[in-house]
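# A structural walkthrough
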Amino acid sequence: LAMGMGVGQALLVLLAACAVMPAKDPLLNICMDAKHHKTKPGPEGMLHDQCAPWKDNACCTANTSSEAHKDQSNLYNFNWNHCGLMPPKCKRHFIQDTCLYECSPNLGPWIDQADSSWRRERILHVPLCKEDCEEWWEDCKDYLTCKENWHKGWNWATGTNRCPWGSMCRPFSHVFPRPKDLCEKIWSNSYKYTTEHRGSGRCIQMWFDPAQGNPNVVVAKYYAWKKRSSPAWMENVTPETGKAVCALPWSVLVLLPLALVMLPEGARGCGSHGWGSL
């Protein structure tokens, strides 16, 4: 009898767990609809240099990862050296930023509609870890730039970005007085500065050691859960998005009636006390 009760309870626990198991989350493990992104993430054997941490599951191709490292990249014809040569210690942060944007499958909670001709979606307010933002600013503070927002307003007459007429090249530390200014303003609020630390599970890391796994997976799950819990999300959710799915093995379905019979009468109630006894 004791063994029967154990089997019965185990099967009911399995059924209960299954009842709350969500469908594939539309905010997780996805690629945005943009210029160079793949339609869905997957392994890439040969991602180049700083993009390599994403090779096990990437939204970028090997060619995109290689282009991300060039001074005059074919990705967007964007020139880092618009106010003189950008120092390598600064440029590596912009390369890493590009790798995160192009390769990461963990930016779903922050994908937003874009109104530009070259992409349908963008990222908005991605919570960047404090260290990632502050190291970026520290390594670039002495480099010169002529613009606060690098997304728009350039002189493209030559086919590549040049400083607009009348603008002056000034040190980063003047254009962006604080790390927060750099991270939030340079790409039109793609990032949000946070005081959260790497490894906290509450902020996205541009830099991480792939040998330790990708820390941004759990961060995306946390913010996807927060977003799903918001009233705005609940208003817009479709039945397909919100419904629970569960593929119970046939053997469990066959044994379920038996499990209910095996349980003592008091444990078969439909109310909270019945489930509370499991």
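Residues numbered from 1 in each chain as written. Predicted model: local features only at pLDDT ≥ 70, side-chain atom pairs only at ≥ 80, totals over all residues. Heavy atoms only, no water.

### Brief notes about the confidence of the model for the protein chain
Across the protein chain, pLDDT averages 77, with 71% of residues at or above 70. Averaged over each element, pLDDT in the protein chain is lowest for helix α11 (residues 272-276) (32) and highest for helix α4 (residues 130-140) (96). A low-confidence stretch, residues 265-278 stays under pLDDT 50, and its non-local contacts, those more than four residues away or across chains, total 13 contacts. (pLDDT = per-residue confidence, 0-100. Helix = DSSP H or I, 4+ residues; strand = E, 2+ residues; numbered from the N terminus. Contact = heavy atoms within 4.5 Å.)

### Side note on the state of the cysteines
Applying the stated criterion to the full structure yields 8 disulfides. Disulfide pairing places C129 opposite C203 at an S-S distance of 2.0 Å. The sign of the 90° torsion about the S-S bond sets the C129-C203 disulfide as right-handed. In this pair, C129 sits in the loop between β3 (126-128) and α4 while C203 sits in the loop between β6 (191-193) and α7 (216-228), placing the two residues 74 residues apart along the sequence. Across the pair, C203 and C129 agree in class, each one buried. Note that C133 is cross-linked by a disulfide to C183, the S-S spacing being 2.0 Å. Looking down the S-S bond of the C133 and C183 bridge, the torsion is 125°, so its handedness is right-handed. Separated by 50 residues along the polypeptide, C133 in helix α4 and C183 in helix α6 (residues 179-185) bring together distant segments of the chain. Both residues of the pair, C133 and C183, count as buried. (Disulfide = S-S within 2.5 Å. Buried < 20%, exposed > 50% of the residue type's maximum accessible area, 1.4 Å probe, protein only.)

### Some points on helix α3 (residues 88-103)
Helix length check: α3 (16 residues) gives 21 Å between terminal C-alpha atoms against 22 Å at 1.5 Å per residue, within 8%. With 13 of 16 residues buried, α3 is to be regarded as a mostly interior element. (Expected span 1.5 Å × (residues − 1).)

### Things to note about empty space enclosed by the protein
Tallying each qualifying case throughout the model produces 1 cavity of 30 Å³ or more. In this structure, the largest cavity spans a volume of roughly 30 Å³. What lines the largest cavity is G199, S200, G201, C203, Q205, P215, N216 and V219. When grouped by side-chain class, the residues that make up the lining of the largest cavity number 3 nonpolar, 5 polar and no charged. (1 Å grid on protein atoms, 1.4 Å probe; cavity = no way out; pocket = protein on both sides within 12 Å on 5 of 7 lines; lining within 4 Å. Points joined across faces, edges and corners; volume = space filled by probe spheres on them. Nonpolar A, V, L, I, M, F, W, Y, C, P; charged D, E, K, R; others polar.)

### What to know about the pattern of salt bridges
Within the structure shown, the criterion is met by 12 salt bridges. When the shortest N-O distance is used, the salt bridge between E148 and K185 registers 3.6 Å. Here E148 is found in the loop between β4 (144-145) and β5 (170-171), whereas its partner K185 is found in helix α6, with 37 residues between them in sequence. Its relative accessible area of 38% is what places E148 among the partly exposed residues. Relative accessible area serves as the criterion here: at 36%, K185 is assigned to the partly exposed category. With its nearest N and O atoms 3.1 Å apart, the salt bridge here joins E184 to K180. Here K180 and E184 lie together in helix α6, a separation of 4 residues that amounts to about one turn. Its relative accessible area of 13% is what places E184 among the buried residues. Residue classification places K180 among the partly exposed positions, given a relative accessible area of 30%. (Salt bridge = Lys/Arg side-chain N within 4 Å of Asp/Glu carboxyl O.)

### So, the nonpolar core
Ranked by internal contacts, the top residues of the largest apolar core, which has 49 residues, are F94, W136, W150, W187 and Y191. Residue assignment for this core shows that the elements contributing at least two residues are α3, β3, α4, α5 (172-175), α6, β6 and α7. Counting residues per element, this core draws most heavily on α3, at 7 residues. Those residues in contact with W187 that sit more than four places away from it in its chain are F78, W80, F94, D97, R122, W136, W150 and H151. (Core = buried A, V, L, I, M, F, W, Y, C linked by side-chain atoms within 4.5 Å.)

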